[in-house]
Amino acid sequence: MKTNKITQAMTVLFLAGVALPAVAQEQDGWYLGVGGGATRATIAEDEITADLMNSGYQVTEFDAAENDSGYKIFAGYQFNQNFALEAGYFDLGNFSYDATTSPAGMKSGQLDLNGWNMDFIGLLPVSESGSLFALVGAHKSEAEVHFAGTGAVNVLTPNYAKTTTDYKFGVGYQYQLGEHFGLRLAAERYRMDDAVGNDGDIDLYSVSLVFRLGGGGHAPGPATQAAALAAQAPVVAPAPVAATEQYCSSLEIEFEIANNDIQRVNQERMRVLATFLESYPETNAVIEGHTDNVGTEADNLKLSQQRAQAAVDYLVREHAIDRDRLTAVGFGETQPVADNSTTAGKQKNRRIHAVIGCATGIEGLEPLPARVTLAMELEFDTNDATIAPKYYDELDSIGEYLQTNPELSATLEGHTDNASPEVAQQISRARAQSVADYLVSHFAIDRSRLNVQGYGSTRRDTYNATASERQDNRRVNIIISYPK
């Protein structure tokens, strides 16, 4: 019977979530929840035995059913990542006892407890999706007690009911499964009066489904908003400026593992940013460095600062941007933009993000147009430099592009997985050379336009932990270079 109630309540929550998308957009901090689990009561055996002795009965055996199941339905508002207020209805189940007496008889009792509660909840985020929490609150509940006697035991008043207000507290862990749904594990203790003058506790160990009406529970902070805006914005140079309009620029660069070099594939993006800064000399840029969560927090913080500083140094060295206009800040692993449990998510989190001031009121400037960097990746079998036929069409496109644009050149970067250093260097260069040979033989591209380099296993995209990740590291990158 109790399981049916929990199932019905969860069905109601799901239907409410489907029916309220408009409310979700307007009330970002609201959430609903339903849950259930095991309950355990503390039955006052000593008090019950004493009451029977005062009535002339000796208790010879005492059996208690202290375990049952309960459920709860709740709604709350999360003000920020650390604080929420929550209210709900609960039913903690049925608990009973049988006291065998001398003279021969038995007294039986059953307790039911349900009511309403309000809790203050403090949360401590421990990951991008998970938070520990503690709660303290009050509940107004009705306790119903039913007694029955057999044999020599005579019960004069079989039914009692009492409504009281008491305290409750608990701890737990909550994990956000997606934009709207979360899972909560909790252990709570409800202090209660059993309606006949005895105090006790009932514990509820529950699993709850939480539905967020706004998807987030609280508004993102300025850094999160800036990262989201930069991730959405294309990397483009501004058009000629009108006096009354405002123009902005952004930058996103991803890094290889444990590496802070500005790779060729990202140099065109740096050039676009430099063009913007040159065109609008009153603007400044904050260069933010970030990492995935592999390694210690201290090492990741240091690496992120090095990545941000490398971008600043590159802009100063290659494009003569005034260093006073650039600020490098490392955030380590504290601001992920993707799930660190996946290889693709780790790659996205190894990044540089630039927060760049916007330009207004400048006329007559003609910044260079943004240029597309054409890049391609080919994967190889273990210790093999043979180009798979599935890449022929893409290679033909690059060959035709180089034929049509004779002023362009290309860099061919060979990479491997975790082979020995000597073999890695040899096979990585052989892979790059095989691509160069293909472009020369099929499209008559002058070898002087092709820069062949082997990097061995020094520039990994992934961690070589699985066969799929090792495959990703066995690759050739083809990067089209533009004349300066």
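In case you missed it, the structure is sitting above this.
Numbering of residues starts from 1 in each chain and follows the order in which that chain's sequence is written. Only residues with pLDDT of at least 70 are given local features in this predicted model, and only at 80 or more are side-chain atom pairs given and counted; all residues enter the totals for whole chains, interfaces and linings. Excluding hydrogens and water, the side-chain figures rest on all heavy atoms present in the structure.

Enquirer: Can you break down the pattern of salt bridges residue by residue, with the values?
Expert: Here a salt bridge means any side-chain nitrogen of Lys or Arg lying within 4 Å of a carboxyl oxygen belonging to Asp or Glu. Scanning all chains against the criterion turns up twelve salt bridges. Among the ionic pairs, Lys168 bridges to Asp119, the shortest N-O distance being 2.9 Å. Placement of Lys168 in strand β7 (residues 159-176) and of Asp119 in strand β5 (residues 105-125) is noted, with a sequence separation of 49 residues between them. Each of the two residues, Lys168 as well as Asp119, counts as buried. A salt bridge links Asp313 to Arg323; the shortest N-O distance between them is 2.8 Å. Put simply, DSSP marks the helices as runs of H or I at least four residues long and the strands as runs of E at least two long, and each gets a number from the N terminus on. We call a residue buried when its accessible area falls under 20% of the maximum for its residue type, exposed when it is over 50%, and partly exposed in between, using a 1.4 Å probe and counting protein chains only.

Enquirer: Break down the pairing of strand β1 (residues 30-41) for me, with residues and values.
Expert: Pairs of strands are assigned from DSSP output, requiring at least two bridges between the strands. As judged from the eleven bridges shared by β1 and strand β3 (residues 67-80), these two strands associate in the antiparallel manner. By the bridge assignment for β3, Gly35 is matched with Lys72. Bridging between β1 and strand β9 (residues 199-212) involves eleven bridges; their strand directions are antiparallel. When the bridges of β9 are listed, Gly33 appears paired with Val210.

Enquirer: Could you give me a rundown of the nonpolar core, with the residues and numbers involved?
Expert: Soluble, globular proteins show a tendency: their nonpolar side chains are buried together. Each nonpolar core is a collection of buried residues, namely Ala, Val, Leu, Ile, Met, Phe, Trp, Tyr and Cys, held together in the definition by side-chain atoms within 4.5 Å. The biggest cluster of nonpolar side chains holds 22 residues, and the ones touching the most others in it are Phe62, Leu92, Tyr97 and Ile202. Elements that contribute at least two residues to this core include exactly α3 (45-54), β2 (58-65), β4 (83-102), β5, β6 (130-151), β8 (181-193) and β9. Discounting residues that sit within four places of it in the chain, Ile202 has contacts with Thr39, Arg40, Ala41, Leu92, Phe95, Leu113, Glu188, Arg189, Tyr190 and Met192. One finds Leu402, Ala432, Val435 and Leu450 within the second-largest nonpolar core, a separate group that totals 17 residues. Throughout, a contact is declared for two residues whenever any of their heavy atoms are within 4.5 Å.

Enquirer: Which residues make up helix α8 (residues 392-404), and what are the values?
Expert: For α8, spanning 13 residues, the distance from its first C-alpha to its last is 18 Å, which sits close to the expected 18 Å at 1.5 Å a residue. Of all the residues in α8, the buried ones are Leu395, Ile398, Gly399 and Leu402. Looking straight down α8, one finds that the buried residues subtend no more than 100° of arc, so they occupy a single side. Among the exposed residues of α8, those oriented more than 90 degrees off its buried face are Asp393 and Thr404. Here the expected length of a helix is defined as 1.5 Å per residue gap, with one fewer gap than residues. Directions from the helix axis toward the C-beta atoms define the arc.

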